[in-house]
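Each chain, written out:
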Amino acid sequence: MLAEKKYEVITSSKDTKFESIVHDLKNPIGAIVSLAELCLSSSVEDSERDLYLTHIKGEALRMLSMAEDILTTECETKTAKMEHVLVSKFLRDVEGIAGPWLKKYNVDAHFHAGFEGIIEIDASYMQRIILNIVKNSIEAFSDQDKTNKIFGFSIDRSQNDLLISLKDNGPGMPESVKSSIFSSSITCGKVNGTGIGLVNVRDLVEKQGGDIRYLSSTGLGTSFYITIPDACTDGLDRPIVI
């Protein structure tokens, strides 16, 4: 998902915690812009416009939560806020935010859930993870003369473990960066690029007790696989986000 051009390792004296949050604020802004453009379209039905506005509100509230992390000392030790979420709602929210953003860049997006039920996740962290990876795919596609651009998101389970996969058919990662995408700040020469997106992704997955791995082949694309152990539950001891 990272395009092959002028890759370099970035080092910075900035507070990486604040920098990571500010970096991730860019992603919901991009999603909001795409949703707003759809709302302004004369071809959109009222019911669709209402749905887009609901997603815009959700992303704006998530940005406020991220801003609060910057303004409080809690952000340095903040742990994941695990909550019970219906799979159907999680998939609906992912598709509602990422779908229009991908569509704007002519990427054919597919969203699939292999089961129904309840999962225990930090929904805000998951949105940040997904939008970071979506953003990487969009940027990789922009450097490739390709007409059939595809991005796939799926959520499944293995016993009680939650399995999430995000795949694209972009240019893939060059061999030179594969070994360090989660341990160093890698950028592809973008103006003002911080190169910390995938480092954020790893950290947010690990805060939920999970792990992330990837497969990437030059010319074929990149896939990310996230596992959150014991996240699939039918327990009702906490309120369910619906």
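None of the values given here were measured: they were computed from a predicted structure.

Peer 1: Describe in detail the pattern of salt bridges, supporting the description with residues and values.
Peer 2: Following the criterion strictly, the structure yields six salt bridges and no others. Taking the shortest distance from any N to any O, the salt bridge between E37 and K104 comes out at 3.6 Å. Taken together, the residues E37 in helix 1 (residues 16-39) and K104 in helix 3 (residues 87-104) connect sequence positions 67 residues apart. Between E175 and K178 there is a salt bridge, with its nearest N and O atoms 2.9 Å apart. Placement of both E175 and K178 in helix 5 (residues 175-178) is noted, with a separation of three residues, approximately one turn of the helix.

Peer 1: Explain the packing of helix 4 (residues 123-142) against helix 6 (residues 197-207) to me, and be specific about the residues and the numbers.
Peer 2: Geometry of a packed helix pair, given as the angle between the helix axes and the separation of the axes. Axis separation between helix 4 and helix 6 bottoms out at 9 Å; the angle between their running directions is 150 degrees. Accordingly, the angle class assigned to the pair helix 4 and helix 6 is roughly antiparallel. Crossing of helix 4 over helix 6 shows left-handed handedness. Side by side, helix 4 and helix 6 meet where Y125, R128, I129, N132, I133 and N136 of the first sit next to G197, L198, N200, V201, L204, V205 and K207 of the second.

Peer 1: How would you summarise the sheet that holds strand 9 (residues 221-228) if you had to cite specific residues and measurements?
Peer 2: Pairing within the open sheet is mixed, and its five strands lie in the order 3-5-6-9-8. Across the chains shown, the open sheet's two edge strands, defined by having one partner strand only, are strand 3 (108-113) and strand 8 (211-217). For this sheet, the mean inter-axis angle between neighbouring strands, taken without regard to orientation, is 10 degrees. The sheet contact formed by strand 8 and strand 9 spans seven bridges and is antiparallel. For S216, the partnering residue across the bridge sits in strand 9 and is T222. Those strands touched by helix 3 are strand 3, strand 5 (150-158) and strand 6 (161-168), and its axis lies near 175 degrees from that of strand 3.

Peer 1: Give a description of helix 4 that names residues and reports values.
Peer 2: Helix length check: helix 4, at 20 residues, gives a terminal C-alpha distance of 28 Å against a target of 28 Å (1.5 Å per residue), a fit within 8%. The element helix 4 is extensively covered by neighbouring structure, given that 16 of its 20 residues are classed as buried. Two or three places before S124, at the start of helix 4, stands the capping residue D122, its side-chain oxygen 3.1 Å from that residue's backbone nitrogen.

Peer 1: Pulling in residues and values, what's your account of the nonpolar core?
Peer 2: Inside soluble globular proteins, nonpolar side chains tend to come together where they are buried. One finds F90, I119, F153 and L162 to be the most contacted residues of the largest nonpolar core, which totals 52 residues. When residues no more than four places from it in sequence are discounted, the contact partners of L162 are F115, I119, I121, I155, D156, I226, T227, I228, A231 and C232.

Peer 1: How would you sum up the packing of aromatic side chains? Please name residues and give values.
Peer 2: Tallying each qualifying case throughout the model produces three aromatic pairs. Within the aromatic cluster, the residues linked to one another by ring pairs are F90, F111 and F153.

Peer 1: Account for the environment of H112, naming residues and giving values.
Peer 2: You can see H112 is positioned in strand 3. Once residues within four sequence positions are removed from consideration, H112 is found in contact with L91, F153, S154 and I155.

Peer 1: Describe in detail the environment of E116, supporting the description with residues and values.
Peer 2: By the secondary structure assignment, E116 is in the loop between strand 3 and strand 4 (118-121). Looking at E116, the relative accessible area reads 77%, which means it is exposed. Here the alpha-carbon distance between E116 and L86, two residues 30 residues apart in the chain, equals 7.8 Å.

Each value, and the rule that gives it
- Residues numbered from 1 in each chain as written.
- Predicted model: local features only at pLDDT ≥ 70, side-chain atom pairs only at ≥ 80, totals over all residues.
- Heavy atoms only, no water.
- Salt bridge = Lys/Arg side-chain N within 4 Å of Asp/Glu carboxyl O.
- Helix = DSSP H or I, 4+ residues; strand = E, 2+ residues; numbered from the N terminus.
- Axes fitted to C-alpha atoms, helices over the stretch in contact; angles between N-to-C directions.
- Parallel < 35°, antiparallel > 145°, perpendicular 65-115°, else oblique.
- Left-handed = near helix turned anticlockwise from the far one by under 90°.
- Contact = heavy atoms within 4.5 Å.
- Pairing = 2+ DSSP bridges.
- Expected span 1.5 Å × (residues − 1).
- Buried < 20%, exposed > 50% of the residue type's maximum accessible area, 1.4 Å probe, protein only.
- Polar contact = N/O pair within 3.5 Å; in protein donor to acceptor, adjacent residues only side chain to side chain.
- Core = buried A, V, L, I, M, F, W, Y, C linked by side-chain atoms within 4.5 Å.
- Phe/Tyr/Trp six-rings, centres within 6.5 Å; stacked < 30°, edge-to-face > 60°.

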